[in-house]
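A structural walkthrough
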Amino acid sequence: MAERKIRVIIAKPGLDGHDRGAKVVAQALRDAGMEVIYTGLRQTPEMIAQAALQEDVDAVGMSILSGAHLALVPRVIDLLRANGQKDVAVFVGGIIPEADVPELHKMGVFAVYGPGTNTQTVVAEVQKAAAARLAE
Amino acid sequence: MDIPATALAIRRGDRLALARGLTQVENDTPAGRELLSLLFAEGGQAHLIGVTGAPGTGKSSLVNALAAFYRRTRQVKVGVVAVDPTSPFTGGALLGDRVRMRDLATDPGVFVRSMAARGALGGLAHTTAAVVQLMDAAGYEVILIETVGAGQSEVDIVRLAHTTLVIEAPGLGDDIQAIKAGILEIADILVVNKADQPGVENTERALMSMLEMEHHGFEGDPTHWIPPVLRSIASRNEGIEALAEAIQRHQIFLKNSGEWQRREAARLKGELHVLVQELLVQAWQEALPENAYQQTLEALLSRQTSPHQAAQDLLRYTHR
Ligand SMILES: Nc1nc2c(ncn2[C@@H]2O[C@H](COP(=O)(O)OP(=O)(O)OP(=O)(O)O)[C@@H](O)[C@H]2O)c(=O)[nH]1
Ligand SMILES: [Mg+2]
């Protein structure tokens, strides 16, 4: 029997076309031994939720630079729940005003990462969040 | 996991149940094995289409275009399994094939699953065949399997798929020597993708002349399949209908010639063989008294016994 790998989706919702940050995080998670599904630019919430479902991921990370996080994130979380994936850990990266962070946490996001975040912090926290899910 | 309930849900078309079942099967857990056993009678229906070729030739783009074509023109459910390499250093993997499969992203009749090769070298993961089996049992009638674009020995895909597409692209070196040895043995259909780029004719000509040598004297023989060479521009959906037609012709050929049944039988026989070996080794390990292995090994290391004799000694323990 093989060990259970942590599976994560890194998605880029919204219309902005910069995925450098998303790719850096995806690579860091891969280098930490995770299986990272990268879905590309301009993903709709429906596309992200479908990918999360089909790939049976432990965590969903979204990189949002467009300022649309307060519209996109709850939509994705609602779809995940509607699909029966209540236990999937959701995190957000990108340019998120400090004032919006508590609101995102309230929606169920476990972490919000700004542009300067050390990728090792992301790795450690995703590992912890995914481990909590796998332990269930 | 309630396995019988999950099996029922998968048969009913529950996508969450399938996704979770696939994880169990991919990890080769006892639950995954039981799930496959419960659903075994439902399988064996799907047309399994392998898609292989060097990195970046357009495999994912073609899978996207083909699957979308099947969805538009036939009422079939389409499964996709896309395998990417695992990093040998970290054990992690970046699975990026979905980037080129946008058209399938929200289609309820399509299920795309990415897999990491997890150290397997033949272009597929060890459990890809089992993952495909579960999708088959879930009612996906066409299953497209994209291999790692390793350009090495892609024999695994031939063993798994009914129809194998080998994707080439122009400019990779247009002479016969540059075209990888062995692709003619594995290809049921050769596709020169990126036909919008210079050099298509050269690649096509090289493939054709290799085929002529290989299949000389068999032209017109209905019991002999000669792989067609087709052009496509996957990113613009061009050449997809002709490709789908060729795939269908190959399926008909397999069925009419009895080759479909032969491949099915060979695959199941191979699977049985592997399982018998695994189970025998497992039973033997369980029957082995503590220290017996260590003692035999020590006798071997001090050359009191030969490897062959040592193996005989250890095998005695299977007779319970
Ligand atoms: N010009 C041109 N580009 C294409 C065509 N088909 C695919 N591409 C591009 O080629 C690149 C690689 O395509 P993929 O579909 O990802 O190729 P792949 O074989 O799946 O790649 P790996 O999975 O990484 O081995 C992408 O940038 C595609 O947009 C085509 O017909 N013409
Ligand atoms: Mg690909």
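About the cut-offs
- Residues numbered from 1 in each chain as written.
- Chains lettered and ligands numbered in written order.
- Predicted model: local features only at pLDDT ≥ 70, side-chain atom pairs only at ≥ 80, totals over all residues.
- Heavy atoms only, no water.
- Donors = N, O, S within 2.8 Å, 3.2 Å for Na, K, Ca; no water.
- Helix = DSSP H or I, 4+ residues; strand = E, 2+ residues; numbered from the N terminus.
- Buried < 20%, exposed > 50% of the residue type's maximum accessible area, 1.4 Å probe, protein only.
- pLDDT = per-residue confidence, 0-100.
- Near = heavy atom within 4 Å.
- Polar contact = N/O pair within 3.5 Å; in protein donor to acceptor, adjacent residues only side chain to side chain.
- Areas by Shrake-Rupley, 256 points an atom, 1.4 Å probe, with all protein chains shown as cover.
- Pairing = 2+ DSSP bridges.
- Axes fitted to C-alpha atoms, helices over the stretch in contact; angles between N-to-C directions.
- Contact = heavy atoms within 4.5 Å.
- 1 Å grid on protein atoms, 1.4 Å probe; cavity = no way out; pocket = protein on both sides within 12 Å on 5 of 7 lines; lining within 4 Å.
- Points joined across faces, edges and corners; volume = space filled by probe spheres on them.
- Nonpolar A, V, L, I, M, F, W, Y, C, P; charged D, E, K, R; others polar.

1. A look at the coordination of the magnesium ion (ligand 2)
Residue and element names in this part refer to chain B. Those donors, Ser60 (OG), Asp97 (OD) and Glu146 (OE), are the protein atoms that reach the magnesium ion (ligand 2), and they lie 2.1 to 2.2 Å from it. Sequence positions of the donors to the magnesium ion (ligand 2) reduce to the motif S-x36-D-x48-E. Note that Ser60 is positioned in helix α4 (residues 59-73) and Asp97 in the loop between β3 (93-95) and β4 (110-116), a separation of 37 residues in sequence. Classification of Ser60 as buried rests on a relative accessible area of 8%. Overall, Asp97 belongs to the buried group, its relative accessible area being 8%.

2. Quick look at the confidence of the model for chain A
Put simply, chain A has an average pLDDT of 92, and 97% of its residues get 70 or more. Predicted confidence in chain A is weakest over helix α5 (residues 119-135) of chain A, with a mean pLDDT of 91, and strongest over strand β2 (residues 35-38) of chain A, with 98.

3. Observations regarding the site of ligand 1
All names here are of chain B. For ligand 1, the set of nearby residues contains 17 residues, the closest of which are Gly58, Lys59, Ser60, Ser61 and Asp196. Here an oxygen atom of ligand 1 sits 3.2 Å away from a polar atom, N or O, in the main chain of Gly56. Gln197 is positioned such that a nitrogen or oxygen atom in its side chain is 3.3 Å from a nitrogen atom of ligand 1. Here ligand 1, which alone exposes 650 Å², has 76% of that area covered by the protein.

4. Side note on the sheet that holds β3 of chain B
On the basis of which strands lie adjacent, the open sheet formed by 6 strands has the order β5(A)-β4(A)-β3(A)-β1(A)-β2(A)-β3(B) and parallel pairing. Of all strands in the sheet, those bounded by a partner on one side alone are β5 (109-113) of chain A together with β3 of chain B. Direction aside, the axes of adjacent strands within the sheet are offset by 20° on average. Contacting β1 (7-11), β3 (59-64), β4 (89-94) and β5 of chain A, α5 of chain A crosses the sheet at an angle of about 175° to β5 of chain A.

5. A closer look at the environment of Glu185 of chain B
Residue placement: Glu185 of chain B occurs in helix α7 (residues 183-186). For Glu185 of chain B and Pro227 of chain B, which are 42 residues apart along the polypeptide, the C-alpha to C-alpha distance reads 9.9 Å.

6. What about unusual backbone geometry?
Where the residue is not glycine, phi is negative for most of them; where a peptide bond is considered, it is trans in most cases. One non-glycine residue, Arg42 of chain A, lies in the positive phi region at around 55°. When you line up the elements, Arg42 of chain A lands in the loop between β2 and α2 (45-54). Residue Arg42 of chain A is classed as partly exposed on the basis of its relative accessible area of 40%. The phi torsion at Asp28 of chain B lies on the positive side, around 50°, for a residue other than glycine. Accessibility expressed as a relative area gives 27% for Asp28 of chain B, which makes it partly exposed.

7. Overview of empty space enclosed by the protein
Left-over empty space is what a probe sized like a water molecule reveals as it rolls over the atoms. All names here are of chain B. Using the criterion set out here, one finds 2 cavities of 30 Å³ or more in the structure. Of the voids in this model, the largest cavity is the one considered here, and its volume is about 90 Å³. Classifying every residue of the lining of the largest cavity by side-chain character gives 6 nonpolar, 2 polar and 2 charged. Taken as a whole, the second largest cavity holds about 30 Å³ of empty space. Every residue lining the second largest cavity is listed: Ile10, Gly13, Asp14, Arg15, Leu18, Lys77, Ala138 and Tyr140. Split into classes, the residues belonging to the lining of the second largest cavity amount to 4 nonpolar, 1 polar and 3 charged.

8. Considering the layout of surface pockets
Residue and element names in this part refer to chain B. The space that makes up the largest pocket amounts to roughly 1,400 Å³. Lining the largest pocket are 44 residues, and of these His126, Ala129, Ala130, Gln133 and Glu271 lie nearest its centre. Among the secondary structure elements, those contributing two or more residues to the lining of the largest pocket are α3 (30-39), α5 (128-137), α6 (155-160) and α10 (259-287). The dominant element in the lining of the largest pocket, judged by the number of residues it contributes, is α10, at 11 residues. For the lining of the largest pocket, a count of residues per class yields 24 nonpolar, 10 polar and 10 charged. As a volume, the second largest pocket reaches approximately 520 Å³. Looking at the lining of the second largest pocket element by element, the count peaks at 4 residues for α4. Tallied by class, the residues present in the lining of the second largest pocket amount to 5 nonpolar, 13 polar and 10 charged.

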